[in-house]
Structure formats: C-alpha cells, structure tokens
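# A closer look at the structure
The primary structure of each chain is shown beneath.
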Protein chains: 2
Amino acid sequence: MSATSRPATPGPARRTGGRSAAVLAAVRSAVEDLVSERGIAQVTIPMVAERAGVNPTSIYRRWGDAASMINDLATYRIAPDRPLPDTGDLRADLTGWAQELVEHFRQPAAAALLRGGAAAAGDGDSDCLRNRRAEATMLLDRAGSGLPVDEVIDHVIAPVVYRVLFRPWTLDDDLAARLVDRLFAGR
Amino acid sequence: MSATSRPATPGPARRTGGRSAAVLAAVRSAVEDLVSERGIAQVTIPMVAERAGVNPTSIYRRWGDAASMINDLATYRIAPDRPLPDTGDLRADLTGWAQELVEHFRQPAAAALLRGGAAAAGDGDSDCLRNRRAEATMLLDRAGSGLPVDEVIDHVIAPVVYRVLFRPWTLDDDLAARLVDRLFAGR
C-alpha cells in the first residue's frame with residue numbers, strides 16, 4: 001500500500017491530517033479499482049477495507065454505508081481545489097472547464113462512480129455534483145456575467161452527465177465547445 | 001393479486017399475450033412498491049417474485065438480474081404507445097410532452113426507478129430513455145422541423161433527468177416550458 005508513504009496531497013485532504021489523508025487516498029483508490037473490476041453493485045465496505053488495508057470500522061464511521069461512501073467519493077473525485085481556467089474570456093473558461101469534465105467522465109471508473117452517485121442520490125439535499133455548481137458560480141461571478149448558474153447546470157453539466165450515464169459513447173471531443181456555444185446562442 | 005383479472009393492458013404488453021402481460025403487470029407493480037418501501041439497492045428478484053406471486057424463474061429468465069429488470073421497467077414506465085400531444089404547433093407539443101415527463105418523474109417511485117436505471121446503465125447500447133428519444137424524433141419529424149433530436153435530448157430531457165436524479169426538489173411547474181423556450185431561443 002504505497003499511499004501511506006506518499007507526501008500529503010494538497011487541498012482538503014491535507015486539512016484532515018496526514019494519517020486521515022492516507023486512509024482516504026487508500027480507500028478512494030480501492031473503491032475505484034473495485035468498481036472497475038466488479039461493477040458498483042458488488043462493492044461492499046468490508047471488501048474496500050481489505051483492499052485498502054484499513055479497518056472497516058474507520059470506513060463505517062466516516063460514511064455509514066457503501067452507497068454514501070461511493071456518493072461522496074463521486075463528489076470529490078475531481079479535486080475541488082485544482083486551478084480553474086482563467087483566460088480572461090468567460091466562454092473560453094467555461095469551455096475549458098466543461099472539457100475537463102468530459103475528459104474526466106470518459107474514464108470508466110469515474111463514470112461508474114457517477115452511476116453509483118446517481119443511484120445513491122435521494123430526496124434530501126444530496127447533490128453529488130455540487131462542487132461543479134460552485135465552480136460554475138465562481139467562473140460566472142468572476143466574469144461579472146449575468147448568466148444564472150442554473151443555465152450552466154441545465155445546458156452544460158446536465159447534458160454531459162446524461163451522456164455519461166446513458167450514452168457514454170457520445171462524449172465527443174467537441175461536445176464541451178458545442179454546449180458552451182449553444183449556451184451563449186440567442187443571449 | 002388483482003392483475004390477473006384485469007383486462008389486457010394496451011400496447012406492447014398486449015402483444016406478449018394475456019398470461020405474460022399479467023405477469024409483467026404484477027412484477028412491475030411489485031417493483032414499484034418495493035422500491036418505494038425499501039430503496040432500490042435492497043430490491044432482489046426473490047423478493048419481487050414473492051410480492052408479485054410469480055415464480056422467480058420467470059423473472060430470471062426474462063431479465064437475468066435485478067439491475068436489468070429495474071433498468072427495463074424504468075424504460076417502459078411511461079407507456080410508449082400513449083397518445084402524444086398534437087396541437088399543430090411544435091413548441092406547444094414539445095412543452096406538453098416535456099411537462100408529462102416532469103410530472104411523471106415527480107412521483108418518488110418513478111424517480112427511484114430512474115436512479116436504478118442510471119446505476120444499471122453500462123457501456124453497451126443500453127439507454128433507459130430510448131423511448132423518449134423516439135418520441136422526440138417523431139414530434140420533430142411530424143412538424144418538419146430541422147431541429148436535431150440531440151438538441152432536445154441535451155437541452156430538454158437531460159436537464160429534467162439531471163434534476164430528477166440529483167435535485168428532485170427543483171422540478172418546478174414551469175420547468176418544461178422554460179426549457180422548451182430556451183431550446184428555440186437564438187434559432
């Protein structure tokens with residue numbers, strides 16, 4: 001298990017301390033591997049604990065059940081503190097940001113985690129893509145754009161997510177640019 | 001089990017014959033009830049068979065596993081042969097059709113089935129919303145519209161599905177009309 005000897009990862013993981021960060025990294029990596037190998041429905045907490053070399057109790061304490069664990073890892077799988085595009089042009093920034101989302105979800109493990117997140121989402125305030133919403137809000141605010149963030153959710157994030165879930169073979173190279181162009185059309 | 005004494009349901013179910021149609025109706029109703037009562041992850045084929053009063057073997061033969069069963073039922077949950085809006089105006093027809101979709105997915109059992117369908121969707125050609133695509137194609141073709149069906153998928157169906165999965169409390173009364181208006185803006 002190499003994660004324990006890695007330097008602390010930057011951002012939120014670092015804030016939880018070296019030992020917790022190592023456990024989180026090990027669990028995340030075990031979940032990704034197991035989801036790829038067996039499919040999301042077969043992944044259990046004891047299985048993840050064994051693969052990650054951590055005590056199952058630590059996982060149960062943090063997440064309670066496998067669905068919550070997968071939902072949470074799906075949320076954080078794109079580092080929320082990575083640098084965002086900053087070209088000075090909102091359309092270019094949104095395109096770069098959406099392109100990153102498309103490329104991320106082309107990875108089968110990332111798509112499988114999103115499917116698990118969708119299955120685990122419920123009637124409460126769970127929104128496994130809430131970090132993407134925060135990022136879009138930041139890009140719009142920084143540009144002083146009057147575009148409501150819900151427009152970006154409905155017309156950029158939602159079509160990407162729909163394709164990831166139901167039509168992953170349609171995640172074309174030019175999808176991000178096309179959706180962002182459409183977002184600005186007629187405004 | 002009252003389904004066996006109901007008249008045959010119209011459409012695809014009828015084509016499979018009276019006995020099969022009754023079994024399908026019983027299974028569908030059992031799945032909806034169990035998903036509402038226990039959540040999708042807990043629903044198994046033996047449990048559905050018991051509730052529906054059918055032999056588990058019939059269910060295994062038809063669907064193979066619980067995920068495929070739920071994915072398939074999610075597909076057919078809106079009757080594919082119901083009449084579609086036909087006002088003579090494409091925008092009004094699309095709005096009525098999208099409104100029906102929103103109202104359907106406001107039902108918690110329908111939303112839960114869609115979540116299960118998302119979880120079970122894979123890398124093949126599974127598309128648990130393929131009937132909606134066929135309907136949108138029909139509406140566009142009938143009106144002689146040059147609008148590509150992918151625009152309706154990306155900008156009407158995808159935002160509705162995204163909200164159903166991740167933000168069900170945002171399925172507002174005016175969502176369908178807003179999305180269809182946006183679809184036509186700038187064209």
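Being a predicted model, the structure only gives us computed values, none of them experimental. (Residues numbered from 1 in each chain as written. Chains lettered and ligands numbered in written order. Predicted model: local features only at pLDDT ≥ 70, side-chain atom pairs only at ≥ 80, totals over all residues. Heavy atoms only, no water.)

### Thoughts on the UniProt feature "DNA-binding region" (unreviewed entry) in chain A
- What UniProt calls "DNA-binding region" (unreviewed entry) maps, in this numbering, to residues 44-63 of chain A.
- Secondary structure within residues 44-63 of chain A divides into 80% helix and 0% strand; the distance between the first and last C-alpha atoms comes to 12 Å. (UniProt positions renumbered as here; feature names shortened; annotations may be inferred. Helix = DSSP H or I, 4+ residues; strand = E, 2+ residues; numbered from the N terminus.)

### Examining the pattern of salt bridges
- Evaluated as defined, the whole model comprises 20 salt bridges over all chains.
- Salt-bridge contacts for Glu 151 of chain B lead to Arg 182 of chain A; the nearest nitrogen and oxygen are separated by 2.5 Å. Of this pair, Glu 151 of chain B sits in helix α9 (residues 149-166) while Arg 182 of chain A sits in helix α10 (residues 175-184), on two different chains. Like Glu 151 of chain B, the residue Arg 182 of chain A is buried in the burial classification.
- Between Asp 150 of chain B and Arg 133 of chain B there is a salt bridge, and its shortest N-O distance comes to 3.0 Å. With Asp 150 of chain B in helix α9 and Arg 133 of chain B in helix α8 (residues 130-142), the pair connects residues that are 17 residues apart, well separated along the chain.
- The class for Asp 150 of chain B is partly exposed, based on a relative accessible area of 31%. (Salt bridge = Lys/Arg side-chain N within 4 Å of Asp/Glu carboxyl O. Buried < 20%, exposed > 50% of the residue type's maximum accessible area, 1.4 Å probe, protein only.)

### A short note on the nonpolar core
- Counting 70 residues, the largest nonpolar core has Leu 94, Trp 97 and Val 152 of chain A together with Leu 94, Trp 97 and Val 152 of chain B as its most contacted members.
- Not counting residues up to four positions away in its chain, the partners in contact with Trp 97 of chain B are Arg 82, Leu 84, Pro 85, Arg 132, Glu 135, Ala 136, Leu 139, Val 152, Val 156 and Ile 157 of chain B.
- Counting 24 residues, the second largest nonpolar core, distinct from the first, contains Val 23, Leu 24, Val 27 and Val 43 of chain A. (Core = buried A, V, L, I, M, F, W, Y, C linked by side-chain atoms within 4.5 Å. Contact = heavy atoms within 4.5 Å.)

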